[in-house]
Amino acid sequence: MLGEIIRKVYKVAIYIRLSKEDADKGFDESESITNQKTLLLEYVKKLGPNYDLIDVYIDPGYTGTNFNRPDFKRMINDINFGKVNMVVTKDLSRLGRDYIETGEYIEKWFPENNVRYVSITDGIDTFSENNGNNDIAPFKSILNDMYSKDLSKKIRTALHTMQSQGKWVGGKTPLGYTKDSNDKNKLVICEEEAKIVRKIFEMAYLGKSVGNIKNYLNDNNIPTAHQLRYNELTYWSNRAIKRMLVNPVYKGVTVQNKRSRISYKNRKLRTNPEEQWYIVENTHEPIVEASKFDSVQKMQIAQNYTRVEKKNYFLLDGLMVCYECKHKIGVKKDRNNWGMICSYYRRFSKLKVCSAHGFNYTRFENTILTYLKKLFENICEEKIELNMKDSKSIVDYSVLQDKIKKDILIINGNIDKMYMDKLENKITEAMYDRLYNKLQGDIKQKEKEYLELEKIKNDVAGSSDEEIKKLIKEYLSLEKPTPELMKLLINRIEVHQNKDIDIYFNFRRLNELKEDIK
Ligand SMILES: [Zn+2]
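All of these numbers come straight from a predicted model, not from anything done at the bench. (Residues numbered from 1 in each chain as written. Predicted model: local features only at pLDDT ≥ 70, side-chain atom pairs only at ≥ 80, totals over all residues.)

1. Side note on the overall build of the chain
The helix and strand inventory of the chain stands at 18 helices and 16 strands. The buried share of the chain, reckoned over its 518 residues, is 25%. Within the chain, counting contacts between residues at least 6 apart in sequence, those at least 24 apart form 59% of the total. (Helix = DSSP H or I, 4+ residues; strand = E, 2+ residues; numbered from the N terminus. Buried ≥ 20, exposed ≤ 12 C-beta atoms within 10 Å, placed from the backbone. Contact = placed C-beta atoms within 7 Å.)

2. Details of the sheet that holds strand β4 (residues 116–119)
Reading across the sheet, the five strands line up as β2-β1-β3-β4-β5 and stay open at both edges, with mixed pairing between neighbours. Whereas interior strands pair on both sides, the edge strands pair on one side only; in this sheet they are β2 (51–59) and β5 (124–125). Bridging between strand β3 (residues 86–89) and β4 involves four bridges; their strand directions are parallel. Its bridge partner lying in β4, V87 is registered against Y117. Along the sheet face, helix α3 (residues 70–80) touches β1 (10–17) and β2 and points at about 150° away from the line of β2. (Pairing = 2+ DSSP bridges. Axes fitted to C-alpha atoms, helices over the stretch in contact; angles between N-to-C directions.)

3. Quick notes on the confidence of the model for the chain
Averaged over all residues, the pLDDT of the chain equals 78, while 77% of them reach at least 70. Element-level mean pLDDT values for the chain span from 42 in helix α5 (residues 137–149) up to 94 in helix α7 (residues 191–205). In this model, residues 130–152 is a region of pLDDT below 50 whose contacts with residues beyond four sequence positions or in other chains number 25 contacts. In this model residues 387–392 is a low-confidence stretch, pLDDT under 50, and it forms eight contacts with partners more than four residues away in sequence or in other chains. (pLDDT = per-residue confidence, 0-100.)

4. Some remarks on helix α14 (residues 397–423)
The first and last C-alpha atoms of α14 sit 40 Å apart over 27 residues, in line with the 39 Å expected at 1.5 Å per residue. At the C-terminal side of α14, N425 shows a positive phi close to 60°. (Expected span 1.5 Å × (residues − 1).)

5. Comments concerning unusual backbone geometry
Of note in the backbone geometry, N257 takes a positive phi value of approximately 65° without being a glycine. Relative to the assigned elements, N257 resides in the loop between β8 (254–256) and β9 (259–261). Of the residues examined, N257 has 16 C-beta atoms within 10 Å and is grouped as partly exposed. With a phi close to 80°, K499 is a non-glycine residue in the positive phi region. Among the secondary structure elements, K499 is positioned in the loop between β15 (490–495) and β16 (501–505). On the basis of neighbour count, K499 is assigned to the exposed category, with 10 C-beta atoms found within 10 Å.

6. Topic: the pairing of β15
Looking at chain direction, strand β12 (residues 320–322) and β15 are connected through three bridges and run parallel. Looking across to β15, one finds that V321 is bridged to E494. Two strands pair when backbone bridges link them, and β15 and β16 are joined in this way by five bridges, in the antiparallel orientation. Each residue of the ladder has a partner; that of R492, found in β16, is Y504. Where β15 hands over to β16, the hairpin turn is made up of five residues, of which K499 adopts a positive phi near 80°.

7. Here's the deal with the environment of V253
As for its placement among the helices and strands, V253 is situated in the loop between α10 (238–245) and β8. Sequence separation between V253 and G166 is 87 residues, and the spatial gap between their C-alpha atoms is 8.3 Å. Filtering out sequence-adjacent residues up to four positions away, V253 remains in contact with P248, I279, V280 and E281.

8. Section: the packing of helix α8 (residues 210–219) against α10
Where α8 contacts α10, the axes come no closer than 9 Å and their chain directions differ by 115°. The orientation of α8 relative to α10 falls into the category roughly perpendicular. When you trace α8 past α10, the crossing you get is right-handed. Taking contact as the criterion, the partners of V210, G211, I213 and K214 in α8 are, on α10, N238, I241 and K242. Along the lines of polarity and charge, the residues of the contact of α8 with α10 split into three nonpolar, two polar and two charged. (Parallel < 35°, antiparallel > 145°, perpendicular 65-115°, else oblique. Left-handed = near helix turned anticlockwise from the far one by under 90°. Nonpolar A, V, L, I, M, F, W, Y, C, P; charged D, E, K, R; others polar.)

9. Focus on the pairing of β1
Each regular strand displays side chains that alternate between the two surfaces of the sheet. Buried residues dominate β1, accounting for seven of its eight residues. Where β1 lies against β2, eight bridges are found, and the strand directions are parallel. Following the sheet pairing, Y10 is matched in β2 by Y51.

Structure (structure tokens):
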């Protein structure tokens, strides 16, 4: 034996438990059992051939009482039987509840039983003073640093391994899902939330726009994820719904590593290129059937192309104003009817700012059209002299024409986008053709409107009386006026909560006549 180097072999136990602080922090992912394990296994591996890992002892309970620590007892037992002579933990608090308890082990029990104890982040190594046992020292600072960085390559690699296996390593779960109580890396359906998700997809599947869905949810007091989980009153936004509708998590697919931190020093997130994403199918139970989810994707894309021409859907859209608060009055689906609603009230209905102004839109539109017809017929019949010197038009045709030009540009942009989507197989050939024809039709319609404006502009140049006469004649000749004509004639329609209506024309003379012929 003399002169021979005795190869001392350490029989290593890794001990893991959650501490009280972890529970208080709400089980931060970096403190989780999986992460402790990744770190400790990496550490022991680095120690080299003189260290044999015997077992990993895990107590998931955080209270630290002996009753909750069956694996700690098992480890002590293994030490008693000589199976283990070295214990490694992430930090001191893993060993016991408090310093008195841990001190008992470190200063008395471990030395008495010739057990070496290492706490990585505290830099404690009970054998480091002894000659020949300094092999851990170089690692201490490295690992301390590594742990504080948290995003060290090793841990990141472990994280990526989990992501590539489709294990959920994100913090907050998407609405509709919660973490499995037996496996924190698995999503399970939370029925209360899933109901909302299903409703949203169902509406989108039936062709409802994101804005429509948002209004439905807010109008019916359907809680947001934030409200359900933190009991803070928030409202649905278009953005939140759009994000949900494109999130493949709802068809059972986990997509992770879409974004990552720039570095451990910079916590800002950066979007990763798609080839770095981890996309794993069938990782959890879907809330939405895959076929329905895919249909919704195509419809969302289609909706984005055709967004422009929705504006003129209602003849009076954009003209109605709330008398009480002066915000716009919009139209929304109200069971089988179209209902009016003050947009300010709608956005902040819970705060009781303004009131609903919730009249039946169809009836309202008929009332306005009937009134205008009567007014204009009277003007014509009574041959009221329109020749007023100061009745200058306040309509600027060029502005209206510029707007149409802009719309055409947007539609053309959408056709380009749609073409790219066809090339990338996001939409089918048939869908492309159908949408292409529709959008070309929209452009033709816009061009027609543009030329009509040009004609009116030239016809009435220099004479606002002629202009009014011409518009009134046009109005009376039509079965139903066009939205363009309405916008030429009317500046705004103020709606009172008591059902009074004030019409403001774009022509001063018409506003005066309106008072005369009541
Ligand atoms: Zn209002």
